[in-house]
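Single-letter residue listing:
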Amino acid sequence: MSTSLTQSTKQKQLAALREFSNNTNARLPVLFLLDASSSMNGIVV
C-alpha cells in the first residue's frame, strides 16, 4: 500500500513540475537570508 502512495505522490509531483515548467508567466526569484550568528543578536558587549 505504501508503494502505491509513494507512486501517487511521485506522479503528483511530476505533474506539478510539468505545469510549472510549461507556465509562461514571468517569475521573480526571491531569496530569504537569515543571519542567526551571535554577532546579530542585538547585544553590544
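Attention here is on the structure that accompanies the text. Just so we're clear, the structure is a prediction, and the values are computed from it rather than from any experiment. (Residues numbered from 1 in each chain as written. Predicted model: local features only at pLDDT ≥ 70, side-chain atom pairs only at ≥ 80, totals over all residues. Heavy atoms only, no water.)

A few points about the overall build of the protein chain
Right, so step 1: Secondary structure assignment for the protein chain yields one helix and zero strands.
Right, so step 2: For the protein chain, the computed accessible surface area is about 4900 Å², with 61% contributed by carbon and sulfur atoms. (Helix = DSSP H or I, 4+ residues; strand = E, 2+ residues; numbered from the N terminus. Areas by Shrake-Rupley, 256 points an atom, 1.4 Å probe, with all protein chains shown as cover.)

Remarks on the packing of aromatic side chains
By convention here, two paired aromatic rings are described through the distance between centres and the angle between planes.
Right, so step 1: In total, this model carries zero aromatic pairs according to the counting rule given.
Right, so step 2: Between R27 and the ring centre of F20, over which it is positioned, the NZ or CZ distance is 4.1 Å. (Phe/Tyr/Trp six-rings, centres within 6.5 Å; stacked < 30°, edge-to-face > 60°. Lys NZ or Arg CZ within 6 Å of the ring centre and 35° of its normal.)

Thoughts on a nonpolar patch on the surface
Right, so step 1: Nonpolar side chains collect at one region of the surface, where L14, L17 and F20 lie side by side and expose about 310 Å² of accessible area between them.
Right, so step 2: With respect to the helices, strands and loops of the structure, F20 is situated in helix α1 (residues 2-22). (Patch = residues over 30% accessible without salt bridge, like charges linked within 9 Å, V, L, I, M, F, W, Y side chains within 5 Å. Salt bridge = Lys/Arg side-chain N within 4 Å of Asp/Glu carboxyl O.)

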